[in-house]
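# Structural overview
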Amino acid sequence: MMKKWVLVAMVLFTTASMAFALEVGGISLKDKIKAGNTDLVINGAGLRTVLTFKVYAIGLYLKAKSSDASAIVNGNEPMALSMKWRMKSPPSRIDETYYKSFAQVLKAPPAKNYGPTSDLGPMTKDVRTFMGWIDKNDAQKDDVWTYVYVPGKGTEVYVNDQLKGTIAGQEFKKVLFSIWLGDKPPVGEGLKKQLLGK
């Protein structure tokens, strides 16, 4: 009888562990996320590297799996991106990387430096609001940043499961998700393909 209960406990524990995490480059990501009342499943995941350094692992979460990047970016459906940092990154580097990425997506004129003073046209205010939520402190190893789009509400920004704020509407979501899934994404085609499950 005892052996039976031990076996049942092992099966339950293993199942729970498998449901909780997906490992990418030695970094664990959740395989499910909620967007409002909608359950999302992981569509694909990959590792962002710079030179030989692992920067973060990131997963794309959708209601149903898809490999159509344009449909995902432009779709008005619940979705999320969740990234887990593998290394520490200071606010100055976060600013430069994100503002440059936004500028590339928005096809803003090239600039010598990228940061809070960058002119991103009509999206400038939303981008600065977003950046104000994520660049106040260093990104620490194992920090988790999650961007959840809820139709009719907007893009919710979480840092370690704490809601920092919501950018209303769909347009900002399109721009943000294009950093990873747009045409010629700033993060590169390799990571885009991984997020699309290719």
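Before any of the text, the structure's been laid out above.
Bear in mind that the values here come from a model prediction, so they are computed numbers and not experimental data. Residue positions within a chain follow its written sequence, with the count starting from 1. Under the rules for a predicted model, residues below a pLDDT of 70 receive no local features and side-chain atom pairs below 80 are neither given nor counted, while totals for whole chains, interfaces and linings still include all residues. For the side-chain quantities, the full set of heavy atoms in the structure was used; hydrogens and water were omitted.

## Focus: the overall build of the chain
A helix here means a DSSP run of H or I that spans at least four residues, while a strand means a run of E at least two residues long, and both kinds are numbered starting from the N terminus. On a plain count of helices and strands, the chain comes out with six helices and nine strands. Buried residues in the chain amount to 42% of all 198 residues. Whether two residues touch is decided by their heavy atoms; if any such pair falls within 4.5 Å, the residues are in contact. Put simply, of all contacts in the chain between residues at least 6 apart along the chain, 56% involve residues at least 24 apart. All accessible-area figures derive from a Shrake-Rupley calculation using a 1.4 Å probe, and residue coverage is judged against the displayed protein chains alone. In the structure as shown, the chain presents an accessible area of about 11100 Å², 56% of it carried by carbon and sulfur atoms. Three labels apply to residues, based on accessible area from a 1.4 Å probe with only protein chains included: buried if under 20% of the type maximum, exposed if over 50%, partly exposed otherwise in between.

## Focus on the pattern of salt bridges
By salt bridge we mean one thing: a side-chain nitrogen of Lys or Arg within 4 Å of a carboxyl oxygen of Asp or Glu. Considering all chains together, one arrives at six salt bridges under this definition. Close ionic contact of Lys34 with Asp39 constitutes a salt bridge, the shortest N to O distance being 2.8 Å. For Asp39, a relative accessible area of 53% translates into the label exposed. Taking the shortest distance from any N to any O, the salt bridge between Lys153 and Glu156 comes out at 2.8 Å. You can call Lys153 partly exposed: its relative accessible area is 45%.

## Some words on the nonpolar core
Side-chain atoms within 4.5 Å are what join buried Ala, Val, Leu, Ile, Met, Phe, Trp, Tyr and Cys residues into a set we call a nonpolar core. Of all hydrophobic cores here, the largest spans 43 residues; its most connected members are Tyr98, Phe102, Phe130, Ile134, Trp145, Tyr147 and Trp180. Element by element, the count of residues in this core is highest for helix 5 (residues 171-181), at seven residues. Counting 14 residues, the second-largest nonpolar core is a separate cluster that includes Val24, Leu40, Leu47 and Val148.

## Some points on the environment of Leu196
Along the chain, Leu196 falls in the segment after helix 6 (189-195). Relative accessible area serves as the criterion here: at 6%, Leu196 is assigned to the buried category. Along the chain, Leu196 and Tyr61 lie 135 residues apart, while their C-alpha atoms are 10.0 Å from each other. Excluding its chain neighbours within four sequence positions, the residues that come into contact with Leu196 are Asn43, Ser66, Ser67, Ala69, Ile72 and Leu181.

## Here's the deal with unusual backbone geometry
Unlike most non-glycine residues, Asn160 shows phi in positive territory, near 55 degrees. Relative to the helices and strands, Asn160 is located in the loop between strand 8 (154-159) and strand 9 (162-168). Of the residues examined, Asn160 reaches a relative accessible area of 38% and is grouped as partly exposed. Although it is not a glycine, Asp161 sits at a positive phi angle of roughly 70 degrees.

## A look at the side chain of Asp143
Positionally, Asp143 belongs in the loop between helix 4 (124-134) and strand 7 (144-150). The charge count includes Lys and Arg as positive and Asp and Glu as negative, but it does not include His or the ends of the chains. Although Asp143 is buried, it makes no salt bridge; Lys84 carries the closest opposite charge, 9.6 Å away. N or O atoms closer than or at 3.5 Å make up a polar contact, with two conditions inside protein: a donor-capable atom paired with an acceptor-capable one, and, for residues adjacent in sequence, both atoms drawn from side chains. Polar contacts involving the side chain of Asp143 include one to the side chain of Asn160, which spans 3.2 Å. Not counting the four nearest positions on each side in its chain, Asp143 is found in contact with Met83, Lys84, Trp85, Asp138 and Asn160.

## Details of the environment of Gly59
Relative to the assigned elements, Gly59 resides in strand 5 (residues 53-62). Classification of Gly59 as buried rests on a relative accessible area of 0%. In this structure, the C-alpha to C-alpha distance between Gly59 and Lys32, residues 27 residues apart in sequence, is 9.9 Å. The contacts of Gly59, once residues within four sequence positions are left out, are Leu29, Ile42, Gly44, Ala45, Ala80, Leu81, Ser82 and Leu195.

Honestly, it's all geometry; don't read function into it.
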